[in-house]
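Residue-level structure breakdown
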Amino acid sequence: MSRRVLKIFTPPTVPEGQGAQVIRIIGNNQLRNLNPFMMLDHAFVKLPAGFPDHPHRGFETVSYLLKGSFYHEDSKGFSGHLQPGDIQWMTAGKGVMHAEMPGSWDELTSGFQLWINLQAKFKMVEPQYQEIKKELIPEAKQNGVLVRVIAGEALGVKGPIYTRTPAFFLDVKLNENSEFLQKIPLKWNSICYIYEGQGLFDGQNANQHQVVHLDINDKQEVLKVKTGQQKCHFIIIAGEPIDEPFVQHGPFVMNTKEEIQQAFQDYYDQKNGFEGAHSWKSKIQN
Ligand SMILES: Nc1ccc(F)c(C(=O)c2c[nH]c3ncc(Cl)cc23)c1F
Ligand SMILES: [Fe+3]
């Protein structure tokens, strides 16, 4: 028996940021949100498109690069350059202004951006970064399966990211004719997203760019994935739901609409994390 599949669907491709196209995996009308996750994008972007200067408050953004390169710069003086396989886990906390731009005019940059909610007690922490280069992300290998363990645990290997909200972020590559078993804690929300190839998830076929939404109420902890003649490369995103109300307005995620109004007021008044927000201009936006 394997963790049951609730549904398999093809998420929409939507415009986002400035001229970018994203496959909106979480945050569409088939999967509005997946507590504690508010959004998951598979972004495809090349200059001059990108995600120019914008704020965040109250949650975490996770960027994981597949192809190309991505620059990041924020209003606290932090900047980074992500290459394929690198991860950047940004805890926006009380507030940060930043820009995220691709590194090339010609080569299409593609990668994931995941938005993870924070419990009320963490929403106003100082911003923090965990930038982990590809070489430092542990890989577990077994019988034609390779798992890059970004957060959580797979095949007995633990990931390097400290997650304030308990969560798994696994990049799984199955060769042809392989099988993979993954424990997903009961009562956690979880999806798989296939970014290349196809596979059988709990016996149901899922293709490239499809989402496999797993059943949170299942009594089965283990998900079984199998491949036949095709390889299957996919991510597993799983997390413990946060038992608090949440209100999202664009890049602000708080517990009440009054806190959202306060976020906009702090941004307008340039305080409580948004100091200098109106005059800050990133060097990387065009
Ligand atoms: N309009 C708007 C408003 C607020 C945002 F935070 C963003 C934004 O930064 C992103 C939204 N999807 C993303 N996928 C990948 C990456 Cl690297 C960034 C984003 C954005 F586009
Ligand atoms: Fe952002």
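Above: the structure in question.
As the structure is a prediction and not an experimental result, all values here were calculated from the model. (Residues numbered from 1 in each chain as written. Chains lettered and ligands numbered in written order. Predicted model: local features only at pLDDT ≥ 70, side-chain atom pairs only at ≥ 80, totals over all residues. Heavy atoms only, no water.)

1. As for the environment of Glu176
So the rule is basically this: What counts as a helix is a DSSP run of H or I of at least four residues, what counts as a strand is a run of E of at least two, and both are numbered from the N terminus. To sort residues, take the accessible area from a 1.4 Å probe on protein chains only and compare it with the maximum for the residue type: under 20% means buried, over 50% means exposed, and anything in between is partly exposed. Whether two residues are in contact is decided by their heavy atoms: any pair within 4.5 Å suffices.
Mapped onto the elements of the fold, Glu176 is located in the loop between strand E17 (167–174) and strand E18 (179–183). On the accessibility criterion, Glu176 (39% relative accessible area) is partly exposed. Sequence separation between Glu176 and Cys232 is 56 residues; the distance between their C-alpha atoms is 7.6 Å. Once residues within four sequence positions are removed from consideration, Glu176 is found in contact with Thr227, Gly228, Gln229, Gln230 and Lys231.

2. Things to note about the site of ligand 1
Selection rule: Working definition: residue near molecule or strand if any one of its non-hydrogen atoms lies within 4 Å of it. N or O atoms within 3.5 Å of each other form a polar contact, as long as, within protein, one can give a hydrogen and the other can take it, and as long as residues adjacent in sequence are counted only when both atoms are side-chain atoms. Accessible areas in this description were obtained via Shrake-Rupley with a 1.4 Å probe; residue shielding takes into account the shown protein chains only. Think of it as three bins: nonpolar holds Ala, Val, Leu, Ile, Met, Phe, Trp, Tyr, Cys and Pro, charged holds Asp, Glu, Lys and Arg, and polar takes everything else, Gly as well.
Near ligand 1 the following residues occur: Glu16, Gly17, Met39, Asp41, Ala43, Phe51, His54, His56, Phe70, Glu100, Gln113 and Trp115. The side chain of Glu100 places a nitrogen or oxygen atom 3.3 Å from an oxygen atom of ligand 1. In isolation ligand 1 exposes 450 Å². Once the protein is present, 85% of that is buried. Looking at the shell around ligand 1, the elements that each hand over two or more residues are strand E4 (37–45), strand E5 (51–56) and strand E11 (109–117). Counted by class, the shell around ligand 1 contains five nonpolar, four polar and three charged residues.

3. So, the pattern of salt bridges
Selection criterion: Counted as salt bridges are all cases of a side-chain nitrogen of Lys or Arg within 4 Å of a carboxyl oxygen of Asp or Glu.
Here the structure, examined in full by the defined rule, presents 14 salt bridges. A salt bridge links Arg24 to Asp41; the nearest nitrogen and oxygen atoms lie 2.5 Å apart. Residue Arg24 is located in strand E3 (residues 20–26), and its partner Asp41 is located in strand E4; the two are separated by 17 residues in the primary sequence. The pair formed by Arg24 and Asp41 is uniform in burial state, with each residue classed as buried. A salt bridge links Lys94 to Glu126; its shortest N-O distance comes to 3.0 Å. Of this pair, Lys94 sits in the loop between strand E9 (87–91) and strand E10 (96–102) while Glu126 sits in the loop between E11 and strand E12 (128–132), and the two are 32 residues apart along the sequence. Residue Glu126 is classed as exposed on the basis of its relative accessible area of 52%. Here the salt bridges do not stand alone but share partners, grouping Arg4, Asp215 and Asp218 into one network.

4. Re the coordination of the iron ion (ligand 2)
The reference angle at a metal is 109.5 degrees if four donors form a tetrahedron and 90 or 180 degrees if six donors form an octahedron. Using the following cut-off: Metal sites are built from N, O and S donor atoms within 2.8 Å, or 3.2 Å for Na, K and Ca, and they leave out water, so they may look incomplete.
Each protein donor to the iron ion (ligand 2) is listed here as His54 (NE2), His56 (NE2), His98 (NE2) and Glu100 (OE); together their distances run 2.1 to 2.4 Å. Residue classification places His54 among the buried positions, given a relative accessible area of 18%.

5. A word on the packing of aromatic side chains
Going by this rule: Each aromatic pair joins two rings of Phe, Tyr and Trp (for Trp, the six-membered one) with centres within 6.5 Å, and gets the label stacked for planes under 30 degrees apart, edge-to-face for over 60, and tilted for any other angle. Note on criteria: charge over ring means Lys NZ or Arg CZ within 6 Å of the ring centre, with the direction from the centre no more than 35 degrees off the ring normal.
Across all of its chains, the model carries eleven aromatic pairs by this definition. Taking the centre distance of 4.8 Å and the plane angle of 45° together, the rings of Phe59 and Trp115 count as tilted. Taken together, the residues span a long stretch of sequence, with Phe59 in strand E6 (residues 59–67) and Trp115 in strand E11 at a distance of 56 residues. Residue Trp115 is classed as buried on the basis of its relative accessible area, which comes to 10%. Ring centres of Phe112 and Tyr195 lie 5.9 Å apart, and the angle between their planes is 65°; this geometry places the pair in the edge-to-face category. Here the residue Phe112 occupies a position in strand E11, and Tyr195 occupies one in strand E19 (residues 189–197), the gap between them amounting to 83 residues. Side by side, Phe112 and Tyr195 carry an identical accessibility label, which is buried. Aromatic ring contacts, followed pair by pair, group Phe252, Phe264, Tyr267 and Phe274 into a single cluster. The cationic tip of Lys7 hangs over the ring face of Phe9; the distance from NZ or CZ to the ring centre is 5.2 Å.

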